Amino acid sequence: MDSDWANLPCHLLELIFEKIEAKYSFSFACVCLSWRDIAMENRSKLIELNHHLVPKLLIPNESEANNLWSVYNLSSYRHISLESYLLLPSYDIPFIGSSEGWLATIQKDLKITLFKPLNNTITIFLPPLFDDYKHRDSFNRFITFTPNPISNPNDFITIVIFGPLLQVAYIRPLKDDSWTHVLDPSPFNKAFVIDDILYYKDAFYGVDFYTSGLVSFEIKYDDSSYEPSLKLVGGIQTNNRNNDDDVVFDKKYLVESYKGDLLQVQRYVYMETFRVTTCFDVFKWSFDRSNWEEISDLGDEALFVGDNSSVSVDTSLSSTKCQSNCIYFTDDNSVHSNTNNPSDMGVYNLETRSVRRFNIDTNLFTRMGGRAPIWIVPNISIKNYK
């Protein structure tokens, strides 16, 4: 007699879903409607899958069509292999960032276009943030947060850091017609200069470029009249690295570890003929001490940083093709970089404190009009069946 798998008791399905590893949760949800409902009711395990997905690397194709890009996979520690090609929608500025699988570009009319090239998702157009074309290069960071990424991936919040003072603004594409600016209550000479933003444990956090101070703010998704403002949480620190005249601090990133920790990654570059990344420092936020604590070992974790929202990957899975205790990075200075310089990308090993470049000729990028490679994360989504 055939087993009636679709009509197993709910309590038994819940027990099975609780016991399986996160990497099998998507397969569980695809069995049938009743199994999908159990997975959706316990979707935290599905969301964990994001830490099992290794980002893909989009690299500009050496072609006259500037919207033709190559998609590469990590095939081993520092080797990448060509997977496919993508013909992206036309744009004026590529890219102001990638987050949760979304890519953001700017059109000539200053509208921002969002699309998910790996998911064939509908394209979303956002209103201009300013009306002066000369400011089109002033985007520093693009971040999205999706309250329900599994069942409703297109209902999300978009946040940008922009302008010479690194101001913060956000928009909810399905709810808002214009951008809302996050207020900075500090005196002008002590204003926060936000370098990166992350949604972490029910709040938005930013890190100050100069002091590494951690700030927070709230966005009420269902209240368009609410005016958020930045609030200092703590973590003011001095520069821990003694720089020489050529090695300088360049960028701070925030990332949620797959283990649940809030991490800050500091990037240092060598500035002479052109910009080259030399090292990274990593800090973990202590909520007990309200301060950053430096760590020297990521364990079985790899981080991906650049113009993308930073990603943490669990390398203990056999299917993961990246090295533990390493930081994979791309050039996140593409807007201001000299197009005659090779792209700054590779792998930093925290144990050996050394950088290794990918197995590609980085000088190819000198012939691609300043279009820099960018990480993009595949997405898990499950359709609502009727």
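Look up: the structure comes first, before these words.
Figured I'd write up the structure that's included with this text. Bear in mind that the values here come from a model prediction, so they are computed numbers and not experimental data.

Examining the overall build of the protein chain
Reasoning step 1: For the protein chain, the count of helices and strands is four helices and 25 strands.
Reasoning step 2: Sorting the 386 residues of the protein chain into buried and exposed places 51% on the buried side.
Reasoning step 3: Pairs at least 24 residues apart make up 54% of the contacts formed inside the protein chain by residues separated by at least 6 positions.
Reasoning step 4: Accessible surface, the protein chain as shown: approximately 18,400 Å² in total, 48% of it carbon and sulfur.

A short note on the nonpolar core
Generally speaking, soluble globular proteins have nonpolar side chains that are buried together.
Reasoning step 1: Counting 19 residues, the largest nonpolar core has Ile112, Leu114, Leu129, Phe139, Val160 and Trp179 as its most contacted members.
Reasoning step 2: Taken together, the elements giving at least two residues each to this core come down to strand S5 (102–106), strand S6 (112–115), strand S7 (124–126), strand S8 (139–145), strand S9 (157–162) and strand S10 (167–171).
Reasoning step 3: Per-element accounting of this core gives the leading share, three residues, to S5.
Reasoning step 4: Beyond its immediate sequence surroundings of up to four residues, leucine 114 is in contact with Trp102, Leu103, Ala104, Ile122, Thr123, Ile124, Leu126, Phe142, Phe156 and Thr158.

What about the packing of aromatic side chains?
Reasoning step 1: Enumeration according to the criterion identifies 18 aromatic pairs in this entry.
Reasoning step 2: Consider the rings of phenylalanine 145 and phenylalanine 204, whose centres lie 5.7 Å apart with planes at 90°: the pair is edge-to-face. Of this pair, phenylalanine 145 sits in strand S8 while phenylalanine 204 sits in strand S13 (residues 203–208), placing them 59 residues apart in sequence. Pair check on accessibility: phenylalanine 145 and phenylalanine 204 agree, each one buried.
Reasoning step 3: Between the aromatic rings of phenylalanine 204 and phenylalanine 217, the centroid separation amounts to 5.4 Å while the plane-to-plane angle is 10°, which identifies the pairing as stacked. Separated by 13 residues along the polypeptide, phenylalanine 204 in strand S13 and phenylalanine 217 in strand S14 (residues 214–217) bring together distant segments of the chain. Each member of the pair phenylalanine 204 and phenylalanine 217 is classed as buried.
Reasoning step 4: Pairwise contacts between aromatic rings join Tyr200, Tyr205, Trp285, Phe287 and Trp292 into one cluster.
Reasoning step 5: Above the face of the phenylalanine 209 ring, lysine 252 is positioned so that its terminal group lies 5.7 Å from the ring centre.

Thoughts on the sheet that holds S10
Reasoning step 1: Spatially, four strands are ordered S8-S9-S10-S11 in an open sheet, and the strand pairing comes out antiparallel. What marks the edges here is a single partner per strand, and that holds for S8 and strand S11 (180–181).
Reasoning step 2: In this sheet, S9 lies alongside S8 in antiparallel orientation, the contact comprising six bridges. Bridging across to S9, phenylalanine 142 finds its partner in valine 160.

Re the sheet that holds strand S22 (residues 326–329)
Reasoning step 1: Strand order across the open sheet formed by five strands is S21-S20-S22-S23-S24, with mixed pairing between neighbours. A single partner strand is all that each edge strand has here, and the edge strands are strand S21 (311–314) and strand S24 (354–356). Sheet twist, expressed as the average angle between the axes of neighbouring strands with direction ignored, equals 25°.
Reasoning step 2: When S22 meets strand S23 (residues 346–349), the two strands line up antiparallel, connected through four bridges. Bridge pairing in S23 links phenylalanine 329 to glycine 346.

Here is what the cut-offs are and how they apply
Residues numbered from 1 in each chain as written. Predicted model: local features only at pLDDT ≥ 70, side-chain atom pairs only at ≥ 80, totals over all residues. Heavy atoms only, no water. Helix = DSSP H or I, 4+ residues; strand = E, 2+ residues; numbered from the N terminus. Buried < 20%, exposed > 50% of the residue type's maximum accessible area, 1.4 Å probe, protein only. Contact = heavy atoms within 4.5 Å. Areas by Shrake-Rupley, 256 points an atom, 1.4 Å probe, with all protein chains shown as cover. Core = buried A, V, L, I, M, F, W, Y, C linked by side-chain atoms within 4.5 Å. Phe/Tyr/Trp six-rings, centres within 6.5 Å; stacked < 30°, edge-to-face > 60°. Lys NZ or Arg CZ within 6 Å of the ring centre and 35° of its normal. Pairing = 2+ DSSP bridges. Axes fitted to C-alpha atoms, helices over the stretch in contact; angles between N-to-C directions.

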